[in-house]
Amino acid sequence: MFNLILTLALFIFSLSVALFLYRVVKGPSAPDRIIAMDTIGINLIAMMAILSILLKTYAFFEVILLFGILSFIGTIAFSKFIERGILVEYDRDR
Amino acid sequence: MSMTVIGELLAAIFIIAGAIVSLISAIGALRFPDVYTRSHAASKSSALGVLCVLTGTFFYFVFADEYISIRLLLGIFFVFLTAPVAAHAVCRSAYRSGVKLAEKNPRDDLKKVLWQEQHD
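Attention here is on the structure that accompanies the text. (Residues numbered from 1 in each chain as written. Chains lettered and ligands numbered in written order. Predicted model: local features only at pLDDT ≥ 70, side-chain atom pairs only at ≥ 80, totals over all residues.)

Brief notes about the overall build of chain A
Phase 1 of the analysis: Scanning chain A from terminus to terminus reveals 3 helices and 0 strands.
Phase 2 of the analysis: When its helices and strands are written in sequence order, chain A yields α-α-α.
Phase 3 of the analysis: Since a compact globule built from 94 residues should have a radius of gyration of about 12 Å, the 17 Å found for chain A marks it as more spread out than a globular shape.
Phase 4 of the analysis: On the principal axes, the C-alpha backbone points of chain A span a range of 65 × 30 × 10 Å.
Phase 5 of the analysis: Across the 94 residues in chain A, those meeting the buried criterion constitute 37%.
Phase 6 of the analysis: By sequence separation, contacts in chain A at least 24 residues apart represent 46% of the contacts at least 6 residues apart. (Helix = DSSP H or I, 4+ residues; strand = E, 2+ residues; numbered from the N terminus. Rg over C-alpha atoms; globule rule 2.2 N^0.38 Å. Buried ≥ 20, exposed ≤ 12 C-beta atoms within 10 Å, placed from the backbone. Contact = placed C-beta atoms within 7 Å.)

Written out as structure tokens, the structure is:
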């Protein structure tokens, strides 16, 4: 019963990832796509947590942390790139 | 009731609630008209769903194995901290790079403030 509930939750999460993937493909502007990609990353974190219960292992917790950090850094880098057109600013000549 | 059953019950409740909230947020991100409303649906409610799932996982491992995972607590804290910040940064860059609001939106207060800021 518990495994069935976990599998059902995994299915629901993959459905929501598919819906966000539609937004990534269709989204009229670039920020749409970035928000959808960020949310896909966060949903992947939840799927890894469910998978670590299903497989009864502690090994995926590091992956959860790492994926959270990488997704955040990627989103911040993309938003800076869209706003200014550059990633690393050098402020020495101001 | 043994501890494992209590852990499974708590984890099942939290995980199903998180999955349903995440599905609702995906439907919202699909149906809203422009970037700003879409980010409202996608960032906040999706973060809530993921926090529910991570809390359920934490409770399962506490009750079933008596294992308190500091890494999972750090993951919960980190998602709670970074998801709104990332959504805010993307929305700010979207407004400043000129993405239009939805047409049925009646007013835009930030436009006047930004115009004054640029012409002072």
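Text resumes after the structure shown.
A word on the nonpolar core
Phase 1 of the analysis: One finds I15(B), V50(B), V53(B), L54(B) and V79(B) to be the most contacted residues of the largest nonpolar core, which totals 52 residues.
Phase 2 of the analysis: Taken together, the elements giving at least two residues each to this core come down to α1 (2-26), α2 (30-54) and α3 (61-84) of chain A together with α1 (3-31), α2 (35-65) and α3 (70-96) of chain B.
Phase 3 of the analysis: Considering every element that reaches this core, the biggest residue donor is α2(B), with 12 residues.
Phase 4 of the analysis: Here V53(B) is in contact with A46(A), A49(A), I50(A), F14(B), I15(B) and G18(B), once residues within four sequence places are set aside. (Core = buried A, V, L, I, M, F, W, Y, C linked by C-beta atoms within 7 Å.)

Topic: the interface of chain B and chain A
Phase 1 of the analysis: On the side of chain A, 41 residues touch chain B, which itself brings 45 residues to the contact.
Phase 2 of the analysis: Elements represented by at least two residues in the side of chain B that touches chain A include exactly α1, α2 and α3 of chain B.
Phase 3 of the analysis: Considered class by class, the residues forming the side of chain B that touches chain A number 29 nonpolar, 12 polar and 4 charged. (Nonpolar A, V, L, I, M, F, W, Y, C, P; charged D, E, K, R; others polar.)

Some points on unusual backbone geometry
Phase 1 of the analysis: If you check the backbone angles, K56(A) has positive phi at about 55 degrees while not being a glycine.
Phase 2 of the analysis: Of note, K56(A) is situated in the loop between α2 and α3.
Phase 3 of the analysis: Classification of K56(A) by C-beta neighbours within 10 Å gives exposed; the count is 10.
Phase 4 of the analysis: Non-glycine residue E66(B) carries a positive phi angle of around 55 degrees.
Phase 5 of the analysis: Here E66(B) is to be found in the loop between α2 and α3.

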